[in-house]
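# Secondary and tertiary structure notes
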Amino acid sequence: MKNILLALLITLIPLTALGATKNYSPADVANAEANGDFVITSDVRHFNPLTGIYDLNGHVYVQLPIHGEQLKINADTAQVKLYNQEVNAKGNINLEFGAMSFKCDSTYVNVKERTAYVYNNILFKHQYTEIRADSATYCWKTKLATFKNASYNGEPKKANLQYNVMTGKLIK
């Protein structure tokens, strides 16, 4: 009897994982985006239902609804930890939140902390502002972005910069 239950459990875990890896059509994604739903798409993905971790490769797209806005991440690869509410992504990152965007090499997003950490070759755009930096953080609770080794609208700055997304201005 134990062997039958074990065999059934081993069979059900992959079926559960397959159900979590549905291939979304462009129309499904558009509807989910419009509704503000959580969306994960990629060329190849594996889901472990016991840990709640997605491993994603190729044309990764992750959309997270956060306080009425949509955090959208495009990447080459990513790991999404559903239970911890974390996203680690690498390669050709485009992170959008409202009217602002970051392009970078890698990012770590912690939804519980309400913070995105972006690294390497950063290009931040918001309204008429363009900031290039080595690393940055953005907290959507405070609406502040902090940049290290940054240049603001083409003018090199050696000091760290802090930008208020609500006012669209640097903080002195």
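This text gives an overview of the structure that appears in the document. (Residues numbered from 1 in each chain as written. Predicted model: local features only at pLDDT ≥ 70, side-chain atom pairs only at ≥ 80, totals over all residues. Heavy atoms only, no water.)

### Overview of the environment of A32
Basically, it comes down to this: A run of DSSP states H or I qualifies as a helix once it reaches four residues; a run of E qualifies as a strand once it reaches two. Both are numbered from the N-terminal end. Residue contacts are defined here by distance: any two heavy atoms, one from each residue, within 4.5 Å place the two residues in contact.
Here A32 is to be found in helix α2 (residues 26–35). Taking the C-alpha atoms as reference, A32 lies 9.0 Å from Q63; in sequence the two are 31 residues apart. Setting aside its immediate chain neighbours within four residues, A32 contacts D37, V39 and Q63.

### Comments concerning the nonpolar core
Applied cut-off: Residues belong to a common nonpolar core when they are buried Ala, Val, Leu, Ile, Met, Phe, Trp, Tyr or Cys residues joined through side-chain atoms within 4.5 Å. Residue burial is assigned from relative accessible area. The probe radius is 1.4 Å, only protein chains are included, and a residue is buried under 20% of its type maximum, exposed over 50%, and partly exposed in between.
One finds L71, L95, F102, V109 and F147 to be the most contacted residues of the largest nonpolar core, which totals 39 residues. Per-element accounting of this core gives the leading share, six residues, to strand β3 (residues 53–66). In this structure, F102 is in contact with I93, N94, L95, V118, I122, L123, F124, A136, Y138 and F147, ignoring residues within four places of it in sequence.

### A closer look at the pairing of strand β6 (residues 100–110)
We count it as follows: Strands are labelled as partners when DSSP assigns at least two bridges between them.
By the criterion of burial, β6 is predominantly enclosed, with eight of the eleven residues buried. Where strand β5 (residues 86–97) lies against β6, ten bridges are found, and the strand directions are antiparallel. Residue K90 lies in a different strand from β6, and its bridge partner there is S106. The antiparallel pairing of β5 with β6 creates a hairpin that spans two residues between the two strands, and G98 there sits at a positive phi of about 65 degrees. With nine bridges joining them, β6 and strand β7 (residues 115–126) adopt antiparallel strand pairing. Bridge pairing links M100 to H126 in β7. With antiparallel pairing between neighbouring strands as the criterion, β6 and β7 make up a hairpin whose turn holds four residues, including R114 at a positive phi of roughly 60 degrees.

### Thoughts on the packing of aromatic side chains
As a reminder, the rule being used: Two aromatic rings from Phe, Tyr or Trp, using only the six-membered ring of Trp, form a pair when their centres are within 6.5 Å; if the ring planes differ by under 30 degrees the pair is stacked, by over 60 it is edge-to-face, and anything between is tilted.
The full count for this structure, using the stated rule, is eight aromatic pairs. Ring plane angle 40 degrees and centroid distance 4.4 Å describe the contact between F47 and Y54, whose orientation is recorded as tilted. A residue is classified by how much of its surface remains accessible, and F47, at 15% relative accessible area, is buried. With a centroid separation of 6.1 Å and an interplanar angle of 50 degrees, the aromatic rings of F97 and Y138 are classed as tilted. Linking F97 in strand β5 with Y138 in strand β8 (residues 129–139), this pair joins segments that are 41 residues apart in sequence. Residue F97 is classed as buried on the basis of its relative accessible area of 7%. The class for Y138 is buried, based on a relative accessible area of 3%. Following the ring pairs from residue to residue traces out a cluster consisting of F102, F124, F147 and Y163.

### Things to note about the environment of G168
Note that G168 resides in the loop between β12 (161–164) and β13 (169–170). We classify G168 as buried; its relative accessible area is 17%. Setting aside anything within four residues of it in sequence, one finds G168 in contact with H126, Q127, T129 and Y163.

### Structural notes on the pairing of β3
Note: strand β1 (residues 39–41) against β3, three bridges, orientation antiparallel. By the bridge assignment, T41 is partnered in β3 with Y61. Direction of pairing for strand β2 (residues 44–48) relative to β3: antiparallel, over a ladder of five bridges. Residue pairing across strands places N48 opposite I53, the latter belonging to β3. Between the end of β2 and the start of β3, which pair antiparallel, lie four residues, with G52 showing a positive phi angle near 75 degrees. The pairing of β3 with strand β4 (residues 69–81) spans twelve bridges and is antiparallel. Paired with L64 across the two strands is L71, which belongs to β4.

Take it as geometry only, folks, not as evidence of what the structure does.
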